[in-house]
Amino acid sequence: MHLGEISTIIFFGGGKVLLNIINDFRENNFKIYLFSSKRLLNEIYEKKSFSEHLLKNNVKYFQTNNINDDKNINGLITKNVLGLSFGAPWIFKKDLINKFGGRLLNMHCRRLPKYRGGGGFSWLIMNNYKKGCSLLHKLEVGIDTGPIVKKTDFNFPRHLKTPAEFEDFQYKKDIKFLLEFIRDIKFNKKFDLVDQNDNSEYWPRLYTPLHGYINWSWDLNSILSFINAFESPYQGASTFINGKKVFIKNCSIITSNDFHPFQNGIIYRKSASKLFVSTDKGTLVVGKVFLENGQSAFKIIKAGDRLHTPNNYL
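Definitions and limits used
Residues numbered from 1 in each chain as written. Predicted model: local features only at pLDDT ≥ 70, side-chain atom pairs only at ≥ 80, totals over all residues. Heavy atoms only, no water. Patch = residues over 30% accessible without salt bridge, like charges linked within 9 Å, V, L, I, M, F, W, Y side chains within 5 Å. Areas by Shrake-Rupley, 256 points an atom, 1.4 Å probe, with all protein chains shown as cover. Salt bridge = Lys/Arg side-chain N within 4 Å of Asp/Glu carboxyl O. Helix = DSSP H or I, 4+ residues; strand = E, 2+ residues; numbered from the N terminus. Contact = heavy atoms within 4.5 Å. Buried < 20%, exposed > 50% of the residue type's maximum accessible area, 1.4 Å probe, protein only. Pairing = 2+ DSSP bridges. Axes fitted to C-alpha atoms, helices over the stretch in contact; angles between N-to-C directions. Core = buried A, V, L, I, M, F, W, Y, C linked by side-chain atoms within 4.5 Å. Phe/Tyr/Trp six-rings, centres within 6.5 Å; stacked < 30°, edge-to-face > 60°.

Asks: So, a nonpolar patch on the surface: which residues are in play, and what are the values?
Replies: On the surface, Ile91, Ile143 and Tyr202 cluster together into a nonpolar patch covering about 310 Å² of accessible area. Tracing the chain through its elements places Tyr202 in strand β11 (residues 202-203).

Asks: Mind laying out the environment of Phe169, listing which residues take part and the relevant values?
Replies: Residue placement: Phe169 occurs in helix α6 (residues 163-186). Separated by 131 residues in sequence, Phe169 and Lys38 have C-alpha atoms that sit 27 Å apart. Each residue touching Phe169, except ones within four places of it in the same chain, is listed here: Phe154, Asn155, Phe156, Pro157 and Leu160.

Asks: Can you tell me about unusual backbone geometry, naming the residues and giving the values?
Replies: Residue Pro113 is bonded to the preceding Leu112 through a cis peptide linkage, with omega at 5 degrees. Following the sequence through the fold, Pro113 ends up in the loop between β7 (104-108) and β8 (116-117). With omega at 15 degrees, the peptide bond leading from Ser232 into Pro233 counts as cis. Turning to its location among the elements, Pro233 is positioned in the loop between α8 (220-229) and β12 (237-241). Within the chain, Glu46 stands out as a residue other than glycine whose phi angle is a positive 55 degrees. Here Glu46 lies in the loop between β3 (44-45) and β4 (48-49). For Glu46, a relative accessible area of 71% puts it in the exposed group. The residue Lys281 is not glycine, and still its phi comes out positive at about 80 degrees. Residue position: Lys281 is located in the loop between β15 (275-279) and β16 (282-291). The exposure class of Lys281 is exposed, given its relative accessible area of 52%.

Asks: Which residues make up the sheet that holds strand β6 (residues 81-86), and what values do they have?
Replies: If you trace the seven strands from one edge of the open sheet to the other, you get β5-β2-β1-β6-β7-β9-β10, paired in mixed fashion. Single-partner strands in this sheet number two, and they are β5 (61-63) and β10 (148-155). Strand-to-strand twist in this sheet, taken as the mean axis angle between neighbours without regard to direction, amounts to 15 degrees. Contacts from helix α1 (residues 16-27) reach β1 (8-13), β2 (31-36) and β6 within the one sheet, and its direction differs from that of β1 by about 175 degrees. This element, α6, spans β1, β6, β7, β9 (131-138) and β10 of the sheet and lies at about 145 degrees to β10.

Asks: Tell me about the nonpolar core, and name the residues and values.
Replies: Counting 36 residues, the largest nonpolar core has Ile248, Leu284 and Val289 as the members making the most contacts within it. Elements supplying a minimum of two residues to this core: α5 (122-126), α8, β12, β13 (244-254), β15 and β16. With six residues, α8 is the single largest residue contributor to this core. Excluding residues within four positions of it along the chain, Val289 makes contact with Val246, Phe247, Ile248, Leu275, Ser296, Ala297, Phe298 and Ile301. Core analysis: the second largest hydrophobic core is formed by 32 residues, Leu18, Ile22, Tyr45 and Ile182 among them.

Asks: Provide a residue-level description of the packing of aromatic side chains, including the pertinent values.
Replies: Across all of its chains, the model carries 26 aromatic pairs by this definition. Seen from their ring centres, Phe156 and Phe166 are 4.7 Å apart, and the 50 degrees between their planes marks the pair as tilted. A residue pair is termed long-range when its members are at least 10 positions apart, and Phe156 in the loop between β10 and α6 and Phe166 in helix α6 qualify at 10 residues. Here Phe156 and Phe166 have matching classes, each one buried.

Structural data, given as structure tokens:
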């Protein structure tokens, strides 16, 4: 597959990778436009919103609720235009996709077809899945279904625990991958398309306030991986103690002790800085617990209290 002589890039979406790669495209003499949403334009990076960074760098951008109905894109698409999507929040319809003539690609930072959909790195952390990739595929009507244009596989280091740590590692891989892709399209490199197989898995987006409740009936390792999955940059996994909602972070485990299931969630020891919580298969050691207002809940907790999540939240 040849993309042809590309002179203009239309970006869709937002995010840190897009923000930090735009100037590299422009420095290689590509004319650039960006279509984004209000939510993505308001996201903060290094104390400034995405839109503020774009204005500072003189990037022409359009805010739109639905890219398929946006008239600003009419007339921009020619045979010399390449479309690149970075977490775009819209579902591209067939008519718009067809206008690009096969030159509309999506950046995906998880292996396909195993990890179609959203949810960031939280699903990988819950599944203890350490295989990563930087990947571009042709954008089709289906979600993450198009043939793969270019990819680089790698493994995440075993010591990474939180989504923020995964994101930092992925970011460096993505920038290197995209710098190589710039050279590819600049010199009109041929890409060998790879069709995705039928062994696909789709995982939906996660929303921490809705999905981040801990089920204390799970085994210890499942509880820990779940808490890690909602760690920084997210608010934290949540549960209740004495009727108050609390968020939990900075956890580790001790597997040398066993408890009866009836003891699940009971704080059996409290030190100066940690809570020791009984679970199936061992102890969850909690380093941070705080209230909805962000204040530490440590002082209001005593040994013998139980962490519990009502069934209607699970």
